[in-house]
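Report on the structure
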Amino acid sequence: MTKPLRKLARSNMNAWKIRKAQEQGGVCPLSLVPFDLKNTKDMVIDHDHITGEIRGVLSRSGNAVEGKVKAAVARWGGCGEDYNKIIP
């Protein structure tokens, strides 16, 4: 079993984002919008804010929406920011 990725050197981020975006079929898994692989500024590395585990690549707008939805559910749903409690 491989260890979850938790740290990524800044110098490796763009290459990692491109490779991961290709593994994801070239689209953001949330918005389903295709990535422009030549413009890594519109791709963000998604990570768990509790564990630090890197999960994948999202579009900048998809990442913003994910953060707002998570914050709203955590605040108003009374379940905190643990995805194991939010998703059900």
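Everything that follows concerns the structure shown earlier in this document.
Owing to the predicted nature of the structure, the values given are computational and were not obtained by experimental measurement.

How each quantity is defined
- Residues numbered from 1 in each chain as written.
- Predicted model: local features only at pLDDT ≥ 70, side-chain atom pairs only at ≥ 80, totals over all residues.
- Heavy atoms only, no water.
- Helix = DSSP H or I, 4+ residues; strand = E, 2+ residues; numbered from the N terminus.
- Buried < 20%, exposed > 50% of the residue type's maximum accessible area, 1.4 Å probe, protein only.
- Contact = heavy atoms within 4.5 Å.
- Areas by Shrake-Rupley, 256 points an atom, 1.4 Å probe, with all protein chains shown as cover.
- Expected span 1.5 Å × (residues − 1).

1. Structural notes on the overall build of the protein
- Broken down by element type, the protein carries three helices and two strands.
- In the protein, the order of α-helices and β-strands from amino to carboxyl end is α-β-β-α-α.
- Buried residues in the protein amount to 26% of all 88 residues.
- Looking at the protein alone, contacts between residues at least 24 apart form 40% of all its contacts between residues at least 6 apart.
- For the protein, the exposed area adds up to about 6,400 Å²; of that, 56% sits on carbon and sulfur atoms.

2. Section: helix H2 (residues 60-76)
- End to end, H2 covers 24 Å across 17 residues, agreeing with the expected 24 Å (1.5 Å per residue, within 8%).
- Considered for burial, the residues of H2 that qualify are Gly62, Glu66, Lys70, Ala72 and Ala74.

It is worth stressing that arrangement in space is one thing and function is another; only the former is reported here.
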